[in-house]
Number of protein chains: 2
Amino acid sequence: MKTIVVSTNNQHKIQEIEQITKPFGFQLLSKSEAGAGDIDVVEDGATFEENSRKKAEEIMKATGKITIADDSGLVVDCLDGAPGVYSARFAGVDGDDEANNRKLIELLRPVPFAERTARFVSVITMVWPSGETLQARGEVEGHMVTEARGEGGFGYDPLFVPLGSDRTFGEYSPEEKNAISHRGRALQKLHQLLVEKGFGEA
Amino acid sequence: MKTIVVSTNNQHKIQEIEQITKPFGFQLLSKSEAGAGDIDVVEDGATFEENSRKKAEEIMKATGKITIADDSGLVVDCLDGAPGVYSARFAGVDGDDEANNRKLIELLRPVPFAERTARFVSVITMVWPSGETLQARGEVEGHMVTEARGEGGFGYDPLFVPLGSDRTFGEYSPEEKNAISHRGRALQKLHQLLVEKGFGEA
């Protein structure tokens, strides 16, 4: 069985990626399990594509194995795309989800609802030791609210209402969210790319 | 005569700021002239507002004088707001205008013209040693082209066509550009704020 390293220790992301890659007979290793737990990839790219590629390539080089990375974030139009590639450290490197959400609420409160359009973006990169690379992007459009709702998901989920819904991602079940989420869609595209590349499902 | 430090050594920015502040009887000093030439403010904020404030506050603290800073950049919608706060170092810290423009053209070439909407943003911050702060934002909407045109301006100007025009900012005269540009508009707002604050023109 072919092993793939996932360039993260976030169990939530690993589980979502596993759903897509398992049928192809891949076995996943977290960054730590692959012995690369002490490598901290500096995410200084200006785009999700760059950061995703960087995370995948650096861990692939360190481990010599096929590596998958996800870079994702929230793009708010009225904030010029912020928090964007800074989504995880919006309130500073020591900030957590709560601090990030608090900061976002403060910035959005003066903005009318109709102008609070936003999207979640996920870019998944899969890199082989040969250098061959697949990249897939998924997006989900929506609006920001300024009062957190729901206990599900993580990150900015309690503030994000996907288009056509009146509930936040925090109020979605994991299955519902994965079906339409940015990461779910990027992974569906990656699945398609793997099939086109000739990988058969087991 | 009251001296103000401008948190930059970019003569182009200093000249634009001077046009607005001179009538109030302020005399401008560049960062180097104020003895702060060796201070390199780390621009790690997720928004123009944060970086602009940081640049102004750090140089104000180092010099003890009123300080003005500009943080500006290009926000391209189809690139999730990139290059955004990374505008100056889009192609890496060693990149120059040419490398940045080359990278942007590469990303935009597959995108239809109608989807290449963008805006230039400038946020000017003025900080007093008392901690009092004024902040003004200016924007100019437009479209990106994928062939550089014109020798004027700097940065992404040769690729940016402001709304209602068919010429790039690179094809504008400095006076024409200043009248409608992001930095021009931010400075006009700062002018207004200074008047409201009780500063009289000389």
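Preceding this section is the structure that the text describes.
The rules we used
- Residues numbered from 1 in each chain as written.
- Chains lettered and ligands numbered in written order.
- Predicted model: local features only at pLDDT ≥ 70, side-chain atom pairs only at ≥ 80, totals over all residues.
- Heavy atoms only, no water.
- Least-squares fit on C-alpha atoms with pLDDT ≥ 70 in both.
- Contact = heavy atoms within 4.5 Å.
- Buried area = accessible area lost by both parts, 1.4 Å probe.
- Salt bridge = Lys/Arg side-chain N within 4 Å of Asp/Glu carboxyl O.
- Polar contact = N/O pair within 3.5 Å; in protein donor to acceptor, adjacent residues only side chain to side chain.
- Helix = DSSP H or I, 4+ residues; strand = E, 2+ residues; numbered from the N terminus.
- Nonpolar A, V, L, I, M, F, W, Y, C, P; charged D, E, K, R; others polar.
- Core = buried A, V, L, I, M, F, W, Y, C linked by side-chain atoms within 4.5 Å.
- Buried < 20%, exposed > 50% of the residue type's maximum accessible area, 1.4 Å probe, protein only.

S.K.: Would you mind showing me how to read the relation of the copies chain A and chain B here?
M.R.: Superposition of the two copies of the chain requires a rotation about an axis together with a shift along that axis. The transformation that overlays chain A on chain B combines an axial shift of 0.0 Å with a rotation of 180 degrees, and the residual RMSD is 0.0 Å. Given the turn and translation reported, the copies of this chain are related as if by a two-fold rotation axis. Relative to the rotation axis, the C-alpha of G81(A) is the closest in chain A, positioned 2.2 Å from it. Here 100% of the contact residues of chain A are again contact residues in chain B; the copies associate through an equivalent surface.

S.K.: Sorry if this is basic, but what is going on with the interface of chain A and chain B here?
M.R.: Often, the extent of an interface is quoted as the loss of accessible area on bringing the components together. Listed as interface residues are 19 residues of chain A and, on the opposing side, 20 residues of chain B. The contact between chain A and chain B buries some 1,300 Å² in all, and 51% of this surface belongs to carbon and sulfur atoms. The tally of links from chain A across to chain B stands at 4 salt bridges. The residue D80(A) makes a salt bridge to R137(B) at a minimum N-O spacing of 2.6 Å. Summed over the shared surface of chain A and chain B, the number is 5 residue pairs in polar contact (both at pLDDT 80 or more). At the level of secondary structure, the elements contributing two or more residues to the side of chain A that touches chain B comprise α2 (48-63) and β4 (117-127) of chain A. Residues belonging to the side of chain A that touches chain B are distributed by class as follows: 8 nonpolar, 3 polar and 8 charged.

S.K.: Quick question: what am I supposed to make of the nonpolar core here?
M.R.: Counting 48 residues, the largest nonpolar core has L74(A), L104(A), M144(A), L74(B), L104(B) and M144(B) as the members making the most contacts within it. Of all the elements in the fold, those that place two or more residues in this core are β3 (66-76), α3 (97-108), β4 and β5 (133-144) of chain A together with β3 (66-76), α3 (97-108), β4 (117-127) and β5 (133-144) of chain B. With sequence-adjacent residues up to four places away left out, L104(A) is seen in contact with L74(A), V76(A), L79(A), P83(A), F90(A), M144(A), Y156(A) and L159(A).

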